[in-house]
Amino acid sequence: MKTLRGKIIVITGAGGRLAGVVEDVFREAGAQLVLVDQDMIRIQGRAASYDAPSIEMDLTTLEGAKGMIAQIKAQTGRIDGLIHLVGELVFGDIASLEEADFNRAFDSNIRTLFNVTKAVLPELLNAHEGFLAALASHDAWQRGGAGTSLFAASKSAVASFMRSLDLELKGNTINVTIIYPLGLIDTKLTGEVGCVAPKAIAQALLHAALADEGGRQLEVLVYPPRHA
């Protein structure tokens, strides 16, 4: 059976509340984590508690992403997987949105994904195995919604990018996974009705990372729980 014990798993956007739950789940599964965020203050406490390397890096540039990989390799010697959790929520009706909103949506959601993928892919290809995962959204799965034009478009780009990557990796045992939370993520951990719990997303990521030659989980839908 496949295991994550001793595997080096990089978490980008590692300072968020969702990331914290993902980190706990993967650490419990035996993975050795590397935490990456654009603000070291957000991750240094977690990194210390996990005894994990922490890296402060702006991933909106390819140079930043390559610098991240270089630092990780210097500290760990290899990389076995990367979970990309960088991405901002950008909402608003089209009439009120500005160019800055467009840049924020696409820079944070798809540009960072392109950069980290381009930077880490040579390491995974050399090993002929690994795991790459990213978050899409309900709006990407449902093809948009009122007030979500930029967020839906950028997350749809994430999904299309990852599907294309999966096709390009034919012949390699590198698992590619897109997680679609079909509801708002309950980052305040309140159990709010209609929200998806971070642990459900973390468990879906773990299941996908552990997929073996018998199948793979390319697109995973995570629904909110049913409530009476």
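Residues numbered from 1 in each chain as written. Predicted model: local features only at pLDDT ≥ 70, side-chain atom pairs only at ≥ 80, totals over all residues. Heavy atoms only, no water.

1. Topic: the overall build of the protein chain
Now for step 1: Each helix and strand in the protein chain was counted, giving seven helices and seven strands.
Now for step 2: Shown N-terminal to C-terminal, the secondary structure of the protein chain runs as helices and strands in the order β-α-β-α-β-α-β-α-β-α-α-β-α-β.
Now for step 3: For a compact globule of 228 residues, the expected C-alpha radius of gyration is about 17 Å, and the protein chain comes in at 17 Å, within 12% of that figure.
Now for step 4: Here the analysis covers contacts within the protein chain between residues at least 6 apart in sequence; of these, 66% occur between residues at least 24 apart.
Now for step 5: For the protein chain, the accessible area works out to roughly 11,300 Å², and carbon and sulfur atoms hold 52% of it.
Now for step 6: Of the side chains in the protein chain, 21 bear a positive and 26 a negative charge, and the two mean positions are spaced by 6 Å. (Helix = DSSP H or I, 4+ residues; strand = E, 2+ residues; numbered from the N terminus. Rg over C-alpha atoms; globule rule 2.2 N^0.38 Å. Contact = heavy atoms within 4.5 Å. Areas by Shrake-Rupley, 256 points an atom, 1.4 Å probe, with all protein chains shown as cover. Lys, Arg positive; Asp, Glu negative; His and termini not counted. Charge placed at Lys NZ, Arg CZ, Asp CG, Glu CD.)

2. Some thoughts on the pattern of salt bridges
Now for step 1: Under the criterion given, the structure shown has ten salt bridges.
Now for step 2: In this structure, the salt-bridge partner of Arg 42 is Asp 37, at a minimum N-O distance of 3.0 Å.
Now for step 3: Looking at Arg 42, the relative accessible area reads 42%, which means it is partly exposed.
Now for step 4: Across the salt bridge formed by Arg 104 and Glu 88, the nearest N and O atoms sit 3.1 Å from each other. Taken as a pair, Arg 104 in helix H4 (residues 99-127) and Glu 88 in the loop between strand E4 (81-84) and H4 lie far apart in primary sequence, 16 residues in all. (Salt bridge = Lys/Arg side-chain N within 4 Å of Asp/Glu carboxyl O. Buried < 20%, exposed > 50% of the residue type's maximum accessible area, 1.4 Å probe, protein only.)

The analysis is restricted to geometry; functional conclusions fall outside its scope.
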